[in-house]
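Structural characterization, general
What follows is each chain in one-letter form.
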Amino acid sequence: MNHLLLLPVLIPLIAGGTLLLTGRWGRGTDRIISIVSTIALLSVVLLLMEHAATGEIMVYHSGNWPTPYGIVLVLDRLSALMLCLAAILALASLFYSINGDDRIGPRFHLLFQMQLLGINGAFLTGDLFNLFVFFEILLIASYALQFHGGGKARVRAALHLVVLNLVGSAIFLIAIGAIYAATGTLNLADLAVKVAATGTEQQLLLKAGGLLLLLVFSLKAALVPVGFWLPPAYASASAPAAALFAIMTKVGVYAILRMQGLVFGPEAGPVASLLTPWLLPLGLITVVIATLGVLASRELRRLLAHLVVLSAGTLILTLGLGSPDATSSALFYALNSTLVGGGLFLLADLIAKERGDALASLTLEQPVSRPALLGSLFFIGAIGVAGLPPLAGFAAKLYLLQSAVEHPIGAWVFAVVLVSGLLVVVALSRAGSAIFWRTGNTQKLTSSTTALQSVATAALLLGSAALMIGAGATTSYTRAAALQLDDQLAYVSAVLENRVIVASGSVSGEP
Amino acid sequence: MELTLSILIGTMTASAVYLLLRARTFPVVLGLSLLGYAVNIFLFASGGLTRNSAPLVEHGLKNLPDPLPQALVLTAIVIGFGMTAFLVVLALRALRDLGDDRVDGGGEE
């Protein structure tokens, strides 16, 4: 059973290797391999999620090395949820891409699978250095995916993206070095035990390491002041890549949540709650800046990119509240915002394709060729992302605000979240009317989009409705995930006590 | 030795930051490489510095060096190498497409 845990990393890896070999075959082989692999991934992830839902923490010791020395993959409810979200988003983006977007540059599917490998690995790993490695895999794939298709805007954004993230990687390594020097371990569970017992001499080093990690993960999550690379990069990326990127900021948020919950938790002795006090102000400022960005955008895709930043900021401020309830609401919010965010990027591309040279600009007048379909999809997406009833965005926001009531600066959270919500509604309705209503006398162009693309887009946008219908089950899952995250002891004992015993030549897998 | 090493790392990092802030692709590539070297030496030192000792393990030797940072550095070097190669290609592409080697690409749109 435990070998199943390796599959989310192994499936994209094997698919990627195969794609490398069959790359020149052409005639759609790559599409078939990519789709088969992603469907297989989704089924494995659903199986894993079913297992994780029981509350058991699965641990995979790679190479059967004893725990603090070998690399472990760990699956708890949180990891399973994020894996599932990534797989769903990937499948929809992939179905969108196979109608031509994968042919505007070389080796789209290979890069796509490598990106999935990195994302899945980052969600599963239980080791800090291994997290770095998976981050690098997902980053190098994302550089190439962002650049997929070429063009001036993409090259310009890619240069920012790559240089900033390379500096980020250097800082990540410095943080790892500092933490290793202070504690002598990089295994997350082992770290959780050891940080509580750090001596006074090492504390400063450990704190510096922890805060540097926060900086790096903030860069990935695109928080202010290190998140300004995101809007141009996402706005210029090709649609399926941009839709998949909707999960990338969540990888950063996930890493912050994992470090905050496990290593720098409230019982971590001298470094207890090291990160938590930073999160709320960081999140609040990010939300404010991103809202301004949303209002100032004159192009739909840039507006959506600012919405991605906004959702990352909202997540971080919720995590800053520091209660399991808040974490649970953050997870629910992440589900909704990722699905709808990804769907909106696909929709923006459909709109851009149907408007010819006007693309997704909000200032030029040009009607889309299927105003009824795209208009309704835009309406659904806007409701989902802005947090209006009856879709899940509303439930997420309500849940989030409920968990902020008790907090000392809850009033700030209320003010910022509600005002930003209002301004987002204003910006989205302005964008919607600019695209669908203010069309002047220009002729409609013939559409070059296909039904499959519309279906993939609609599937993601309707994810918000599905989440609302299944809100009861989903929130009970996210609450259980948050409680599990709060219980560091369970994680630590699952990883450390489950040591692989090598006795007199015989190897026993599990005790 | 600690002092020498920290001065070395500090000087390299400072030079790297200076080069990065030049904001032209070639100095930025150099700066990132230099930053990579500084970080690798820092990582190497994170396991503690030992002198007159075996590189890995020698039977009967008490003062053993920590092998883990060496493994980390090795991985970091490989990753850094790949990333630098990618960045060089991207920088050339940017020079060709944008006709400018400034990292900010010479103004928006």
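Residues numbered from 1 in each chain as written. Chains lettered and ligands numbered in written order. Predicted model: local features only at pLDDT ≥ 70, side-chain atom pairs only at ≥ 80, totals over all residues.

Observations regarding the overall build of chain A
Rules: Each helix is a run of H or I in the DSSP string that is no shorter than four residues. Each strand is a run of E no shorter than two, and both are numbered from the N terminus. For a compact globule the rule gives 2.2 Å times the number of residues to the power 0.38, and the radius of gyration it is set against comes from C-alpha atoms. In this scheme every C-beta is placed from the backbone, and a residue whose C-beta has 20 or more other C-beta atoms within 10 Å is buried, one with 12 or fewer is exposed, and one in between is partly exposed. By definition, residues are in contact whenever their C-beta atoms, placed on the basis of the backbone, come within 7 Å of each other.
Looking only at helices and strands, one finds 20 helices and four strands in chain A. Taking 24 Å as the expected radius of gyration for a compact globule of 511 residues, we find that chain A reaches 22 Å, a close match to that expectation. By its C-alpha atoms, chain A is 80 × 60 × 40 Å across when sized along the principal axes. Across the 511 residues that make up chain A, the buried fraction comes to 60%. By sequence separation, contacts in chain A at least 24 residues apart represent 78% of the contacts at least 6 residues apart.

Observations concerning the interface of chain B and chain A
Inclusion rule: Residue classes follow a fixed rule: Ala, Val, Leu, Ile, Met, Phe, Trp, Tyr, Cys and Pro count as nonpolar, while Asp, Glu, Lys and Arg count as charged, and any other residue, Gly among them, counts as polar.
Facing 25 residues of chain B, the contacting portion of chain A comprises 20 residues. Among the elements of the structure, helix H2 (25–45) and helix H3 (67–98) of chain B are those that each provide at least two residues to the side of chain B that touches chain A. Residue contributions to the side of chain B that touches chain A peak at 14 residues, all from H3(B). Among the residues forming the side of chain B that touches chain A, the class breakdown is 18 nonpolar, five polar and two charged.

Quick notes on the environment of A:Thr249
Residue and element names in this part refer to chain A. Mapped onto the elements, Thr-249 comes out in helix H11 (residues 248–263). Using a count of 27 C-beta atoms within 10 Å as the deciding quantity, one classes Thr-249 as buried. Taking the C-alpha atoms as reference, Thr-249 lies 19 Å from Ala-348; in sequence the two are 99 residues apart. Excluding residues that lie within four positions of it along the chain, Thr-249 makes contacts with Lys-220, Ala-221, Ala-222, Val-308 and Ala-312.

Some words on the domain arrangement of chain A
Residues and elements named next belong to chain A. Our working definition: Note that domain bounds follow an automatic or database assignment of domains.
Domain boundaries assigned for chain A yield domain 1 (1–152 + 229–260 + 472–511) and domain 2 (280–441 + 460–469). Distance between the C-alpha centres of domain 1 and domain 2: 25 Å. Each partner contributes to the interface: domain 1 provides 30 residues, whereas domain 2 provides 29 residues. Of all the secondary structure elements, the ones that give two or more residues to the side of domain 1 that touches domain 2 are helix H3 (77–97), helix H9 (230–236), helix H10 (239–245), H11 and helix H19 (471–486). By residue number, the principal contributor to the side of domain 1 that touches domain 2 is H19, which donates nine residues.

Thoughts on the packing of helix H13 (residues 300–321) of chain A against helix H17 (residues 410–436) of chain A
Axes are the key here: two packed helices are described by the angle between their axes and the distance separating the axes. Residues and elements named next belong to chain A. Put simply, the rule reads: Convention adopted: a line fitted to C-alpha atoms gives each axis, helices being fitted over their contacting stretch, and angles between N-to-C directions are expressed from 0 to 180 degrees. Roughly parallel covers angles under 35 degrees, roughly antiparallel covers those over 145, roughly perpendicular covers 65 to 115, and oblique covers all other angles. Throughout, a crossing is termed right-handed when the near helix is turned clockwise from the far one, and left-handed when it is turned anticlockwise from it by less than a right angle.
At a minimum axis separation of 12 Å, H13 and H17 run at an interaxial angle of 165°. Looking at the two axes, H13 sits roughly antiparallel to H17. Seen along the crossing, H13 lies across H17 with a hand that is left-handed. Of H17, the residues touching H13 (which contributes Leu-300, Leu-303, Leu-310, Thr-314 and Leu-317) are Val-413, Val-417, Ser-420, Ala-427, Ala-431 and Ile-435.

Points about unusual backbone geometry
All names here are of chain A. Here Val-224 and Pro-225 are connected by a cis peptide whose omega angle stands at 5°. With respect to the helices and strands, the residue Pro-225 is situated in the loop between helix H8 (200–221) and H9. At the junction of Pro-389 and Pro-390, the peptide bond is cis and its omega measures out at 10° in the coordinates. In this structure, Pro-390 sits in the loop between helix H15 (371–386) and helix H16 (392–404). For Asn-64, which is not a glycine, the phi torsion comes out positive at approximately 60°. On the neighbour-count criterion, Asn-64 (12 C-beta atoms within 10 Å) is exposed.

Regarding the environment of B:Ile41
Residues and elements named next belong to chain B. By secondary structure assignment, the location of Ile-41 is in helix H2. Considered as a pair, Ile-41 and Leu-8 are 33 residues apart in the sequence and their alpha carbons are 9.1 Å apart. The contacts of Ile-41, once residues within four sequence positions are left out, are Leu-5, Leu-8 and Ile-9.

Notes on the environment of A:Leu13
Tracing the backbone through its elements, the reader meets A:Leu13 in helix H1 (residues 7–22). Expressed as a C-alpha distance, the spacing of A:Leu13 and A:Asn99, which sit 86 residues apart in the sequence, is 24 Å.

Overview of the nonpolar core
Residue and element names in this part refer to chain A. Put simply, the rule is: Any nonpolar core is a set of buried residues, restricted to Ala, Val, Leu, Ile, Met, Phe, Trp, Tyr and Cys, that join up through C-beta atoms within 7 Å.
Grouped together as the largest cluster of nonpolar side chains are 221 residues, with contacts concentrated most on Leu-89, Ile-256 and Ile-316. A total of 20 residues in this core trace back to one element, the largest contributor, which is helix H6 (residues 152–183). Of the domains in this structure, domain 1 (1–152 + 229–260 + 472–511) and domain 2 (280–441 + 460–469) are the two that each give at least three residues to this core. Here Leu-89 is in contact with Ala-243, Leu-244, Ala-246, Ile-247, Thr-338, Leu-339 and Gly-342, once residues within four sequence places are set aside.

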